[in-house]
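Now for the letters of each chain:
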Amino acid sequence: MKRTLVFIILVSLLAVPIITSGCVAAGAQKKQPSIYASEIYDASKVSPATEQEVLDFLAQDATDKNLWREGSYECGHFSADVWWNAYMQGLEACMVWVKRMKLGKEQVHWVVKFHVGNESQNYWLWIEPSTDEVVDKDDYVIQDTFCGEEAFNLCITWWEESLN
C-alpha cells in the first residue's frame, strides 16, 4: 500500500511539468513555423480517402493531445495541424471557418473536413480537430473554406504570425 502511494505521488510530480509544457501527452505534435515554410504545396500528393482511412489517420494523429491555450494554441491551430498532417499523409482535406451556437452564444470556430470518395461514395467527413470527433456540418454556418494551396498558405501565415 505504501509503495503504491509513493508511486502515485512520484508519477503526479513528474506529470506536472509535462502538462504545463503545452502538451498533455508525449508524442503530441507541435509544429515549428519553419516546417511549414520549408514545403511547397503539391496537389498531386493528395486524394480522397475512404472513411476508414480518415478514421485510422485520426487515431494515429496526436494533434488532439495538444493542450488548448488561450491566445497561443486555439481551434485554428488544431485545424492547421490536423490539415497539415493529413496533407503529409496524402489525404484531401480543408480547413473550414464556421460560426456555431454554443451555450446560447454565437461563436466562430475552425473545423477540418476530409474528402471521402471512391466509386460508390463522395462526401465530406467533418471533424472537430481538438477531439477527433465526427461532427454534423448542419451544426455550423460556413464563413469560409480553405482547401489545397489556400489552406497551405493559411498554415504558413498563421505560424509566421505566431513568431511575432
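Keep in mind it's a predicted model, so treat the numbers as computed, not measured.

*Asks:* Residue-level account of the environment of Thr63, with values.
*Replies:* Within the fold, Thr63 resides in the loop between helix H3 (51–60) and helix H4 (75–88). Residue Thr63 is classed as buried on the basis of its relative accessible area of 0%. One polar contact links Thr63 to Asp61, side chain to side chain, over a distance of 2.9 Å.

*Asks:* Before we move on, could you go through the packing of aromatic side chains and cite the residues and values that matter?
*Replies:* Centre-to-centre distance and the angle between the planes together describe a pair of aromatic rings. All chains considered together, the criterion is met by 14 aromatic pairs. Between Trp83 and Tyr87 the ring centres are 5.4 Å apart and the planes differ by 5°, which places this aromatic pair in the stacked class. Of this pair, Trp83 and Tyr87 both sit in helix H4, four residues apart, which is roughly one turn of that helix. Each member of the pair, Trp83 together with Tyr87, is buried. Cluster of aromatic residues (ring-pair linked, three or more members): Tyr41, Trp83, Trp84, Tyr87 and Phe152.

*Asks:* Kindly report on the state of the cysteines, identifying the contributing residues and their values.
*Replies:* Applying the stated rule across the entire model yields one disulfide. Paired through a disulfide, Cys94 and Cys147 show a sulfur-sulfur distance of 1.9 Å. Measuring the twist about the S-S bond at about 110°, one finds the Cys94-Cys147 disulfide to be right-handed. Taken together, the residues Cys94 in strand S1 (residues 93–102) and Cys147 in strand S5 (residues 141–147) connect sequence positions 53 residues apart. Note on Cys94: relative accessible area 1%, which makes it buried.

*Asks:* Mind laying out the confidence of the model for the protein, listing which residues take part and the relevant values?
*Replies:* Counting all residues, the mean pLDDT for the protein is 79, and 74% of those residues have values of 70 or more. Taken element by element, the protein is modelled with least confidence in helix H1 (residues 2–20), mean pLDDT 34, and with most confidence in H3, mean pLDDT 97. Here residues 2–29 scores under 50 on pLDDT; set against residues more than four positions off or in separate chains, the count is 25 contacts.

*Asks:* I'd love a proper account of the side chain of Ser130, names of residues and values included.
*Replies:* Looking at the element boundaries, Ser130 is found in the loop between strand S3 (122–128) and strand S4 (133–134). A polar atom in the side chain of Ser130 sits 2.7 Å from the side chain of Glu128. When near neighbours in sequence (up to four residues on either side) are disregarded, Ser130 contacts Asp64 and Phe78.

*Asks:* Which residues make up the nonpolar core, and what values do they have?
*Replies:* In this structure, Trp83, Met95 and Phe114 are the most contacted members of the largest nonpolar core, which totals 32 residues. Breaking this core down by element, the ones donating at least two residues are H3, H4, S1, strand S2 (105–117), S3 and helix H5 (148–162). Here this core gets eight residues from one element, more than from any other, and that element is H4. Excluding residues within four positions of it along the chain, Met95 makes contact with Ser79, Ala80, Trp83, Trp110, Val111, Asp144, Thr145, Phe146, Ala151, Leu154, Cys155 and Trp158. Judged by nonpolar contacts, the second largest core, of six residues, contains Val96, Val98, Val111 and Tyr140.

*Asks:* Account for the sheet that holds S5, naming residues and giving values.
*Replies:* Strand order in the open sheet made by the five strands is S4-S3-S2-S1-S5, with antiparallel pairing throughout. The sheet is open, and its two edges are formed by S4 and S5, each paired on a single side. As defined by bridge partners, S2 adjoins S3 across six bridges and the pair is classed as antiparallel. Counterpart to Gly117 in the pairing with S3 is Asn122.

Reading guide: rules and limits
- Residues numbered from 1 in each chain as written.
- Predicted model: local features only at pLDDT ≥ 70, side-chain atom pairs only at ≥ 80, totals over all residues.
- Heavy atoms only, no water.
- Helix = DSSP H or I, 4+ residues; strand = E, 2+ residues; numbered from the N terminus.
- Buried < 20%, exposed > 50% of the residue type's maximum accessible area, 1.4 Å probe, protein only.
- Polar contact = N/O pair within 3.5 Å; in protein donor to acceptor, adjacent residues only side chain to side chain.
- Phe/Tyr/Trp six-rings, centres within 6.5 Å; stacked < 30°, edge-to-face > 60°.
- Disulfide = S-S within 2.5 Å.
- pLDDT = per-residue confidence, 0-100.
- Contact = heavy atoms within 4.5 Å.
- Core = buried A, V, L, I, M, F, W, Y, C linked by side-chain atoms within 4.5 Å.
- Pairing = 2+ DSSP bridges.

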